[in-house]
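# Examining the three-dimensional arrangement
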Amino acid sequence: MKETEFRLFLAGIPKAEIHIHIEAVMSISSVRKLYKKHYGKEMSSRDEAELFLYDDLDGFIKAFLSVQNLFESVSDFTCVFDDLAEYLVKNGVVYCEAFFAPTAFLRKGFDYGEIMSLFSEKIAEIKKKYNCIVKLILDVSRTFGYENALKNYELLRRYPCSDIIGIGLGGSEQKGPAREFEPVFAQAHRDGFHAVAHAGEDTGPESIWDSINFLHAERIGHGVSCVQDPELVKYLARTKLPLEVCITSNVFTKKYVQKTEEHPVREMFDSGVLVTINTDDPVFFRTTLLEEYWKCYSRLNFSMDEIKQLVCNSFSATFMSEEEKLTRIAQVNDAWEISALF
């Protein structure tokens, strides 16, 4: 199947995306607007190139924080959700579980309650206008340490919001071992929140094991290094603990993957691991969900039947009810059959 035909076909198939950071779905146009508002001048080509220049995870995190620093007020998040809505529609995403990292904004003096109020308003607007469901996962980043993670979680408890369904551990994997954050995640589980963790992105399989054993993570973000440990791969396959795979992101940060064709997602899938395909940070890695699926098909030898399975996996790995998952998967099967007729 040719690229144009593939993209057109897959755009019409309902999909879920479960590893994406809302601040990183912004368009370049929105980044430029925030830059001008923040610095009082236009963003030059050189400024843009320097902002998006990185070759490892820590470099990316620095760039991510630089973009967060451009925000001047809670109202700036309006463009984030407007861009998110456009992204979801273009990529045929009908259900999304997205990360939000509040620390940088709280340090700038933003009011958490005001943030949540605007978020809920915009999420409701997206559902009403586009029939897309967005849920949030609060990122209690390793980068700022345990005390900060606990503080963020306490805000989550103090300001209940039905749009937030869980917490996630992100940030610099080498600087913040998962076990250090066990008390925060234990409390989250007791309070009925879901828990996920970035792991195996920038360190070995031991980080994935720690996320499972200490945080009781229900999904693993990235999980690239799992293939270094055959017992871990067997465990993931047996338990169907989902991996949120982000191919282009892993190539950009270059810890374990130097080019797309070397990504272990094919090996993971063939081993029975419940693999899902995601973008992580579209604006930073210059990608889309349709692009990620195209790479699976064109460069990683996934057949169309296997692409369909990946799409179904994206719903199976969500935190929707089992009934909702089955309904969504049935919608995938129906859309697939209809699209195949044309």
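Starting from 1, residues in each chain are numbered consecutively following that chain's sequence as written. Reporting in this predicted model follows two pLDDT cut-offs: at least 70 for local features of residues, and 80 or more for side-chain atom pairs to be given and counted; totals over whole chains, interfaces and linings ignore these cut-offs and use all residues. The basis for every side-chain value is the complete set of heavy atoms in the structure, and neither hydrogens nor water enter the calculation.

## Here we look at helix α15 (residues 289–299)
For clarity, the threshold we go by: Only protein chains enter the accessibility calculation, which uses a 1.4 Å probe; a residue whose area is less than 20% of its type maximum is buried, one above 50% is exposed, and one in between is partly exposed. A run of H or I in DSSP becomes a helix once it reaches four residues, and a run of E becomes a strand once it reaches two; helices and strands are each numbered from the N terminus.
The buried count for α15 comes to nine of eleven residues, which makes it a mostly enclosed element. When α15 is considered as a whole, its buried residues turn out to be Leu289, Leu290, Glu291, Glu292, Tyr293, Trp294, Lys295, Cys296 and Tyr297. Positioned one or two residues after α15, Asn301 has a phi angle of 65°, which is positive.

## Focus on the sheet that holds strand β4 (residues 164–169)
How we decide: When DSSP finds two or more bridges between two strands, those strands count as paired. Angles here are taken between N-to-C directions and fall from 0 to 180 degrees, while the axes themselves are lines fitted to C-alpha atoms, restricted in helices to the stretch in contact.
Pairing is parallel across the open sheet formed by eight strands, whose spatial order is β1-β2-β3-β4-β5-β6-β7-β8. Of all strands in the sheet, those bounded by a partner on one side alone are β1 (15–17) and β8 (275–277). The sheet shows a mean angle of 25° between the axes of neighbouring strands, direction not considered. Note: strand β6 (residues 219–222) against strand β7 (residues 243–245), two bridges, orientation parallel. Pairing of Ile220 across the sheet is with Leu243, part of β7.

## Considerations on helix α8 (residues 145–158)
Note the cut-off: The span one expects for a helix is its residue count, reduced by one, times 1.5 Å. Within this analysis, the arc is defined by the directions that extend from the helix axis to the C-beta atoms. Note on definitions: a residue-residue contact is assigned when non-hydrogen atoms from the two residues lie within 4.5 Å.
Between its first and last C-alpha, α8 extends 20 Å over 14 residues, near the 20 Å set by a 1.5 Å rise per residue. Looking at α8, one finds that the buried residues are Asn148, Ala149, Asn152, Tyr153, Leu155 and Leu156. Looking down the long axis of α8, one finds its buried residues gathered within 150° of arc, a one-sided arrangement. In α8, the exposed positions that point more than 90 degrees away from the buried face belong to Glu147, Lys151 and Arg158. Considering only its buried residues, α8 is in contact with α6 (103–107), α7 (112–130), β3 (133–139), β4 and α9 (182–190).

## Here we look at the state of the cysteines
This is how the line gets drawn: The disulfide criterion is simple: two cysteine sulfur atoms within 2.5 Å.
This model, assessed by the stated rule, comprises zero disulfides. Between Cys226, a cysteine without a disulfide, and Cys246, which holds the nearest cysteine sulfur, the sulfur-to-sulfur distance is 13 Å. On the basis of relative accessible area, Cys226 is assigned to the buried category, the value being 0%. A disulfide-free cysteine, Cys296 has its sulfur positioned 11 Å from the sulfur of Cys246, the nearest such atom.

## Here we look at the packing of aromatic side chains
Note the cut-off: Note on ring pairs: Phe, Tyr and Trp rings are taken, using the six-membered ring of Trp, and paired if centres are within 6.5 Å. Classes follow the plane angle, with under 30 degrees stacked, over 60 edge-to-face and the rest tilted. Here, a charge over a ring means that NZ of Lys or CZ of Arg falls within 6 Å of the ring centre while also lying within 35 degrees of the ring normal.
All told, the structure shown has 28 aromatic pairs when counted by the stated rule. Ring centres of Tyr54 and Phe284 lie 6.3 Å apart, and the angle between their planes is 50°; this geometry places the pair in the tilted category. Remark: Phe284 occurs in helix α14 (residues 282–285) and Tyr54 occurs in the loop between α3 (45–51) and α4 (57–69); sequence separation between them is 230 residues. Judged by relative accessible area, which is 10%, Tyr54 ranks as buried. On the basis of relative accessibility, which here comes to 0%, the residue Phe284 falls in the buried class. A centroid spacing of 5.0 Å and a plane angle of 80° characterise the contact between Phe77 and Phe119, whose relative ring orientation is edge-to-face. In this pair, Phe77 is assigned in helix α5 (residues 77–90) and Phe119 in helix α7, connecting sequence segments 42 residues apart. Here Phe77 and Phe119 have matching classes, each one buried. Among the aromatic residues, those joined into a ring-pair cluster are Phe52, Tyr54, Phe60, Phe64, Phe252, Phe284 and Phe285. Lying across the ring of Phe319, Arg219 places its NZ or CZ 4.4 Å from the centre.

## Let's talk about the packing of helix α1 (residues 3–11) against α15
Let me state the cut-off plainly: Our angle categories are set so that under 35 degrees counts as roughly parallel, over 145 as roughly antiparallel, 65 to 115 as roughly perpendicular, and the remainder as oblique. Definitions for this section: a left-handed crossing has its near helix turned counterclockwise from the far helix by less than a right angle. A right-handed crossing has that turn clockwise.
Where α1 meets α15, the closest approach of the two axes is 10 Å, and the angle between their N-to-C directions is 125°. Classified by the interaxial angle, the pair formed by α1 and α15 is oblique. Our pair here, α1 against α15, has a crossing hand that is right-handed. Residues Glu3, Phe6, Arg7, Leu10 and Ala11 of α1 lie in contact with α15, whose contacting residues are Leu290, Glu291, Tyr293, Trp294 and Tyr297.

## Here's the deal with the packing of α15 against helix α16 (residues 304–316)
For the record, the criterion: Classification convention: Asp, Glu, Lys, Arg as charged; Ala, Val, Leu, Ile, Met, Phe, Trp, Tyr, Cys, Pro as nonpolar; all other residues, Gly among them, as polar.
For the pair α15 and α16, interaxial distance at closest approach is 10 Å and the crossing angle is 145°. For the pair α15 and α16, the crossing hand works out as right-handed. Touching Tyr293, Cys296 and Tyr297 of α15 are Met304, Ile307, Leu310, Val311 and Ser314, all from α16. Its residues assigned to classes, the contact of α15 with α16 shows seven nonpolar, one polar and no charged.

## Quick look at the nonpolar core
The following threshold applies: Nine residue types can take part in a nonpolar core, namely buried Ala, Val, Leu, Ile, Met, Phe, Trp, Tyr and Cys, and a core is a set of them joined through side-chain atoms within 4.5 Å.
Residues Phe119, Phe284 and Ile307 are the most contacted members of the largest nonpolar core, which totals 117 residues. With residues near it in sequence (within four places) discarded, Ile307 still touches Phe6, Leu10, Tyr293, Cys296, Tyr297, Phe302 and Trp336.

## Notes on the pattern of salt bridges
Defined as follows: Basic side-chain nitrogens of Lys or Arg form a salt bridge, by our definition, when they fall within 4 Å of a carboxyl oxygen of Asp or Glu.
Going through the model one piece at a time under the given rule, you end up with 20 salt bridges. Put simply, Arg299 and Glu261 hold a salt bridge, and the shortest N to O gap is 2.9 Å. One end of the pair, Arg299, is in helix α15; the other, Glu261, is in the loop between α12 (247–253) and α13 (265–270), and 38 residues separate them in sequence. The exposure class of Arg299 is partly exposed, given its relative accessible area of 35%. Of the charged contacts, one joins Arg266 and Glu306 as a salt bridge, the two residues approaching to 2.8 Å between their closest N and O atoms. You can see Arg266 sitting in helix α13 and its partner Glu306 sitting in helix α16, a full 40 residues away along the chain.

Don't take any of this as a statement about function, it's just geometry.
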